[in-house]
Amino acid sequence: MNKPTVLCGIIGSGFSASFHFESLKKVSSVDVRVVGVYSRTKEKRETFAMKRGISAFDSLNDLIDACDVIHVCTPPSTHESIAIAVLKKDKYVIVEKPLTGYFGNGTGGFRGDRFPKEIALSHALESVQRMLEVEKISRGRILYAENWVYAPAIQKECEIIEKTDAQILWMYGEEAHSGSHASTYGFWKFSGGGVMIGKGCHPLTAAVYLKRLEGKMRNGFPIKPKTVSARVHALTRMESFIDRGHIRNNYYDIDDFSMMHIQFEDGTIADIFASDIILGGIHNWMEIAANNHRTICNINPNNAMQSYNPVENYFQDIYVVEKIGTKQGWSFPSPNEDWFTGYPQEMEAFYRTIAFGDPLESDSSLAADAISTIYSAYVSSEKNGVAVPIQTY
């Protein structure tokens with residue numbers, strides 16, 4: 001059987017571009033051919049291309065023209081303009097999370113931690129609306145790269161919900177570690193916020209997705225988030241913070257700890273935590289309390305493998321898990337970290353949608369609801385945690 005061939009290009013040459021490329025190699029149902037890469041820095045794009053045997057493009061538009069699909073693996077502040085440029089050429093665009101946001105007023109003195117969050121919410125929703133409007137008239141689509149949706153543990157929970165007619169009563173999720181890879185992450189003007197959007201978007205989107213699934217299964221339409229109460233903190237920017245060198249602390253104007261309490265249309269709830277202050281590697285998990293079962297989804301770490309190493313140097317050439325501080329003592333080496341996190345399953349699903357028209361689980365409306373919830377949460381935090389209504393799509 002001949003597989004359909006799809007040509008794709010990658011915008012960006014950093015961390016997310018790397019794992020997109022690796023995940024594309026694992027797509028089995030479609031012949032995915034990576035045409036090339038573009039990023040603003042000539043040296044970086046050429047290094048990325050040379051290492052992977054692909055072409056380095058000098059122009060964003062030239063790469064779009066050469067492809068059927070574009071992967072947007074750039075800072076969030078660039079997502080809207082790139083996605084719209086791709087959609088206007090009737091191409092598919094896979095957009096890394098978060099979808100978009102508010103990135104300041106363009107002045108040199110902008111500080112996201114002091115800027116009115118009602119204005120940030122308004123601008124973020126305007127950005128969302130512009131993207132959705134262009135998508136409506138395009139032959140392409142936005143495919144939202146939220147890997148948590150496709151993580152095996154989350155998908156297994158979907159099966160349980162569907163086959164047992166479960167009602168989710170409460171979800172409790174977290175993404176945390178000791179600080180982002182990206183140098184731009186510490187600035188609101190590049191990232192659109194702090195840890196609440198940068199990490200909180202993952203468990204939040206999974207929670208919103210599961211309630212959408214439940215509603216469609218039972219009533220034929222999704223159960224949407226209705227209100228959010230939230231608090232954010234900048235713990236590593238406190239004068240009293242004692243730096244021992246283990247936690248990134250060079251943030252300019254963003255939060256490094258957040259908590260969101262979401263109430264859905266049916267009265268059920270979710271609590272979502274995110275932080276940049278957790279040592280010992282990435283901490284990604286979701287717990288679901290339903291009316292007929294309880295599930296704990298351990299995305300990272302999980303105990304598929306446990307290893308005790310008495311001497312740090314023994315494991316110097318062994319990858320254990322992302323962001324682990326030490327390899328000495330007990331650890332949880334992941335036999336296939338990308339698989340547990342959902343990256344290859346995400347790409348397989350996206351390219352099946354593109355090539356065969358399969359239903360899209362992580363679409364633009366899910367992404368839009370996540371952005372609306374997060375910026376409404378920033379408004380709530382500014383008001384010391386009052387419940388704020390969420391606009392949904």
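Use the structure listed above.
Nothing here was measured: the structure is a model prediction, and the numbers come from that model.

Student: Sorry if this is basic, but what is going on with the nonpolar core here?
Tutor: If you look at soluble globular proteins, the nonpolar side chains tend to sit buried side by side. Core analysis: the largest hydrophobic core is formed by 96 residues, its most contacted members being Met260, Tyr351 and Tyr375. Element by element, the count of residues in this core is highest for helix H13 (residues 364-382), at ten residues. Beyond its immediate sequence surroundings of up to four residues, methionine 260 is in contact with Met196, Gly200, Leu204, Val228, Ser229, Ala230, Ala270, Asp271, Ile272, Ile374 and Ala377. One finds Ile10, Phe21, Val37 and Ala49 within the second-largest nonpolar core, a separate group that totals eight residues.

Student: Can you help me understand helix H4 (residues 79-87) in this one?
Tutor: An α-helix turns once every 3.6 residues. As a result, residues three or four positions apart point the same way. Summarising burial for H4: seven of the nine residues are buried, a large majority. If you check which residues of H4 are buried, you get His79, Glu80, Ile82, Ala83, Ile84, Val86 and Leu87. As for H4, its buried residues are in contact with strand E1 (5-11), helix H3 (60-65), strand E4 (69-72), strand E5 (92-96), helix H5 (117-136) and strand E6 (142-145).

Student: Please clarify how the sheet that holds strand E11 (residues 283-290) should be interpreted in this entry.
Tutor: One open sheet holds the seven strands; their spatial order is E12-E11-E7-E10-E9-E8-E15, and the pairing between them is mixed. Of all the strands in the sheet, the pair left with one neighbour each is strand E12 (294-300) and strand E15 (388-389). Sheet analysis places E11 next to E12, joined by six bridges and oriented antiparallel. For isoleucine 288, the partnering residue across the bridge sits in E12 and is threonine 295. Seen against the sheet, helix H7 (residues 152-164) touches strand E7 (168-176), E11 and E12 and runs at an angle of roughly 160° to E12. Of the strands in this sheet, strand E8 (225-233), strand E9 (257-264) and E15 are in contact with H13, which crosses E8 at around 55°.

Student: Looking at this structure, how should I read the packing of helix H1 (residues 15-24) against helix H12 (residues 343-356)?
Tutor: When two helices pack together, you describe them by how their axes are tilted relative to each other and by the distance separating the axes. Packing of H1 against H12 brings their axes to within 9 Å, and their N-to-C directions diverge by 65°. Considered as vectors, H1 and H12 are oriented roughly perpendicular to each other. Crossing of H1 against H12: the hand is right-handed. Contact residues: Phe19, His20, Ser23 and Leu24 in H1; Tyr343, Pro344, Met347 and Tyr351 in H12. Residues belonging to the contact of H1 with H12 are distributed by class as follows: six nonpolar, two polar and no charged.

Student: Where do I start with the sheet that holds strand E3 (residues 55-56) in this structure?
Tutor: Backbone hydrogen bonds are what pair the strands of a sheet, in a parallel or an antiparallel way. Strand order in the open sheet formed by six strands is E3-E2-E1-E4-E5-E6, with parallel pairing between adjacent strands. The two strands at the open ends of the sheet, each matched to only one other strand, are E3 and E6. Its contacts with the sheet put H12 on E1, strand E2 (31-38), E4, E5 and E6, and the angle it makes with E6 is roughly 175°.

Student: Help me out: how do you make sense of the environment of isoleucine 282 in this one?
Tutor: Mapped onto the secondary structure, isoleucine 282 falls in the loop between strand E10 (269-275) and E11. Each C-alpha atom of the pair isoleucine 282 and threonine 184 lies 20 Å from the other, and the pair is 98 residues apart in sequence. Those residues in contact with isoleucine 282, other than ones at most four positions away along the chain, are Ala176, His177, Asn300, Pro301, Glu322 and Lys323.

Procedures and definitions
Residues numbered from 1 in each chain as written. Predicted model: local features only at pLDDT ≥ 70, side-chain atom pairs only at ≥ 80, totals over all residues. Heavy atoms only, no water. Core = buried A, V, L, I, M, F, W, Y, C linked by side-chain atoms within 4.5 Å. Buried < 20%, exposed > 50% of the residue type's maximum accessible area, 1.4 Å probe, protein only. Helix = DSSP H or I, 4+ residues; strand = E, 2+ residues; numbered from the N terminus. Contact = heavy atoms within 4.5 Å. Pairing = 2+ DSSP bridges. Axes fitted to C-alpha atoms, helices over the stretch in contact; angles between N-to-C directions. Parallel < 35°, antiparallel > 145°, perpendicular 65-115°, else oblique. Left-handed = near helix turned anticlockwise from the far one by under 90°. Nonpolar A, V, L, I, M, F, W, Y, C, P; charged D, E, K, R; others polar.

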